[in-house]
Amino acid sequence: MLVIGILLISTSCATLSGPGENTALHVADLVNSGDSTSLKAMSADTLLFDSEILHGPVMIGSLWDGLASSGFMLKNAEIADYSPVETADASLFGNVPDTAVFFSEYIPENSVLFHISSAGGNFLLILGPGSDGASRILAFGGPY
Amino acid sequence: MKKIIFILIAAVIFIPAVYSQESVVVYVEGWVDVKDSNGDVYELFIGDMVRYGDTVITGDDGVAELEPQTGSRIVVKPGTVFSVRQADVNGKKQSVLSTTIGQVSFKFDRLTQEPLITTPSTVMGVRGTEFSVWAGADGASLVDVESGSVEVSGRGESVLLGRKQAVQTDSGRAPGQVIESMGKATDHSDWNENRVKKMMASPIESLEAISSQLAELEARATEWKSGELKYSAEAEQLKQKRSELFAAGKDDEARALDKEQLRPAEISALRCVMNYRYYALSALSLRQYILGGFYVRMKTSYINKLDDPLFVDFSSRYDNIIADFNAEIAPLLVEADY
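My aim in this report is to walk through the structure given alongside it, one point at a time.

Conventions adopted
- Residues numbered from 1 in each chain as written.
- Chains lettered and ligands numbered in written order.
- Predicted model: local features only at pLDDT ≥ 70, side-chain atom pairs only at ≥ 80, totals over all residues.
- Heavy atoms only, no water.
- Contact = heavy atoms within 4.5 Å.
- Salt bridge = Lys/Arg side-chain N within 4 Å of Asp/Glu carboxyl O.
- Polar contact = N/O pair within 3.5 Å; in protein donor to acceptor, adjacent residues only side chain to side chain.
- Helix = DSSP H or I, 4+ residues; strand = E, 2+ residues; numbered from the N terminus.
- Nonpolar A, V, L, I, M, F, W, Y, C, P; charged D, E, K, R; others polar.
- Expected span 1.5 Å × (residues − 1).
- Buried < 20%, exposed > 50% of the residue type's maximum accessible area, 1.4 Å probe, protein only.
- Arc of directions from axis to C-beta.
- Axes fitted to C-alpha atoms, helices over the stretch in contact; angles between N-to-C directions.
- Parallel < 35°, antiparallel > 145°, perpendicular 65-115°, else oblique.
- Left-handed = near helix turned anticlockwise from the far one by under 90°.
- Phe/Tyr/Trp six-rings, centres within 6.5 Å; stacked < 30°, edge-to-face > 60°.
- Lys NZ or Arg CZ within 6 Å of the ring centre and 35° of its normal.

## Overview of the interface of chain B and chain A
Thinking step 1. Tallying the contact residues gives 30 residues for chain B and 28 residues for chain A.
Thinking step 2. For the interface between chain B and chain A, the tally reads 3 salt bridges.
Thinking step 3. Salt-bridge contacts for Glu52(A) lead to Arg287(B); the nearest nitrogen and oxygen are separated by 2.9 Å.
Thinking step 4. In this assembly, chain B and chain A are joined by 10 residue pairs in polar contact (both at pLDDT 80 or more).
Thinking step 5. If you list the elements that add at least two residues to the side of chain B that touches chain A, you get β2 (32-35), β5 (55-58), α5 (251-301) and α6 (309-328) of chain B.
Thinking step 6. Residue classes in the side of chain B that touches chain A are distributed as 12 nonpolar, 11 polar and 7 charged.

## Quick notes on the environment of Ile210(B)
Residues and elements named next belong to chain B.
Thinking step 1. Relative to the elements of secondary structure, Ile-210 occurs in helix α4 (residues 203-247).
Thinking step 2. For the pair Ile-210 and Ala-330, spaced 120 residues apart in sequence, the C-alpha to C-alpha distance is 18 Å.
Thinking step 3. What Ile-210 contacts, discounting residues up to four positions off in sequence, is Asp-138, Ser-171, Leu-286, Ile-290, Leu-291 and Phe-294.

## Quick notes on helix α2 (residues 21-32) of chain A
All names here are of chain A.
Thinking step 1. With 12 residues, α2 extends 16 Å between its outermost C-alpha atoms, agreeing within 8% with the 16 Å of an ideal straight helix rising 1.5 Å per residue.
Thinking step 2. When we look at burial in α2, the residues that qualify are Ala-24, Val-27, Ala-28, Leu-30 and Val-31. Taken down its axis, α2 places every buried residue within 160° of arc, on the same side.
Thinking step 3. Of the surrounding secondary structure, the elements contacted by the buried residues of α2 are α3 (36-42), α4 (56-69), β3 (78-84), β4 (112-118), β5 (121-129) and β6 (135-141).
Thinking step 4. The first or second residue beyond α2 is Gly-34, which carries a positive phi of 65°.

## Here's the deal with the packing of α4(B) against α5(B)
Residues and elements named next belong to chain B.
Thinking step 1. Closest axis-to-axis distance for the α4/α5 pair is 7 Å, and the angle between their directions is 160°. Overall, the two elements α4 and α5 adopt an arrangement that is roughly antiparallel. Here α4 and α5 pass one another in a crossing that is left-handed.
Thinking step 2. Along the lines of polarity and charge, the residues of the contact of α4 with α5 split into 28 nonpolar, 8 polar and 13 charged.

## Overview of the packing of α4(B) against α6(B)
All names here are of chain B.
Thinking step 1. Running from amino to carboxyl end, α4 crosses α6 at an angle of 5°, the nearest separation of the two axes being 11 Å. Taken together, the axes of α4 and α6 are roughly parallel relative to one another. Across the interface between the two elements, Pro-203, Ile-204, Leu-207, Glu-208, Ser-211, Leu-214, Glu-218 and Thr-222 of α4 pack against Leu-310, Asp-313, Phe-314, Arg-317, Tyr-318, Ile-321, Asp-324, Phe-325 and Glu-328 of α6.

## Describing the packing of aromatic side chains
Thinking step 1. For the structure shown, the criterion picks out 18 aromatic pairs over all chains.
Thinking step 2. With a centroid separation of 6.1 Å and 50° between ring planes, the pair formed by Phe49(A) and Tyr295(B) is classed as tilted. Remark: Tyr295(B) occurs in helix α5 and Phe49(A) occurs in strand β1 (residues 43-49); the pair is interchain, linking two chains. Residue Phe49(A) shares its accessibility class with Tyr295(B), and that shared class is buried.
Thinking step 3. Between Phe102(A) and Tyr106(A), the aromatic rings sit 5.5 Å apart at their centres with planes inclined by 25°, giving stacked as the arrangement.
Thinking step 4. Overall, the relative accessible area of 0% leaves Phe102(A) in the buried class.
Thinking step 5. One aromatic cluster is present, formed by Phe49(A), Phe294(B), Tyr295(B), Tyr302(B), Phe311(B), Phe314(B) and Tyr318(B) through successive ring pairs.
Thinking step 6. Across from the ring centre of Phe325(B), 5.7 Å away, lies the NZ or CZ of Arg287(B), which sits over that ring.

Put into structure tokens, the structure is as follows:
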């Protein structure tokens, strides 16, 4: 059973061609160090926070600056699970039209949904490839 | 699908007005994006055109200068969301230039058609002038006139501003007292920072004021939508009657019905479409940039104490506002609007 489980996980991970666990943990490190400048630079131009679509650097900056000002941390962050983003994942961020539209319009191919467990609760993070090939933060939400 | 087709028909019919009112981008600095009516987002460059349905979004360092064909100038300052829309006012199509948040300066040298200028809390009539509009993160606004005159209206009350005069309008309130101009050099970020401090000091009161503004837009949008349903149903009945007249060989009566009843009903329905779309999009801007921005500030401020009674209260009221929006306005929007 264990072998089958390992094989299934391996198969699942092998299908992922987007950003990996290390990138997600790097985002957690940036949050923990209050590095809102790097988080802003790494964010897509349109980002989902909980069920709110944030357009442009001012709104997105308000998110990362706000978290840094509050001293928010993802202490002991671990990747509990990750998988390619699917349309149905929109409901994890809220059952409202905004999340459905965001997943339909603003999530590029090869984006990955990470479930991050931390001392402060469980959070969701979506990373995807930007137009320059670098990983971009597309969505962040929680705790759930 | 029927709704989408109807909107497309309306768009086709209004195309001449759309193309006669586009603005050319004459200067861009820093981060400036445009979200068009198809929902596509792209970087703005000098020489691009800004058309009806477009929203210009500037970053902290972004500035865009637009020149409408009338020869006027519109300067979109940093940290701004500025939309170019169209509404039917008293049977006449009118340009509506909306500043949801941030600062925009206007200079109208020779007006062929006076546009309406709006913020979430005010509507302004322009009479050949140079002035600036500030829209705060809490839905409040400040209008400052350099030259000419501007009539500022909100909550059924109006004030007329002359040269070197200004007025501030709090969210959900009528315009305040006329004050002396703060000058062209006034920094939006300082003014807005004070609005944010006030908003965060009394979040429930501020949330209720934004909710009141949203409810007003929702009421108008649903009112125009009801009008569209009424005229569309009337038009369908008249089409049926026209077919019956043609079938009975009463061609003259059919043509008279077409000209005197059916065509006016269809035009009325299209005007209703234009206006319910205008109010629905205005409500969406308020919900996304003002209410959404407020949510981000509150959630990040209370992220380490989400069980704080103040945040719990805020969160519950916010959820109710969103639920109302999704029930009343979301059905009037299409995916590209978000």
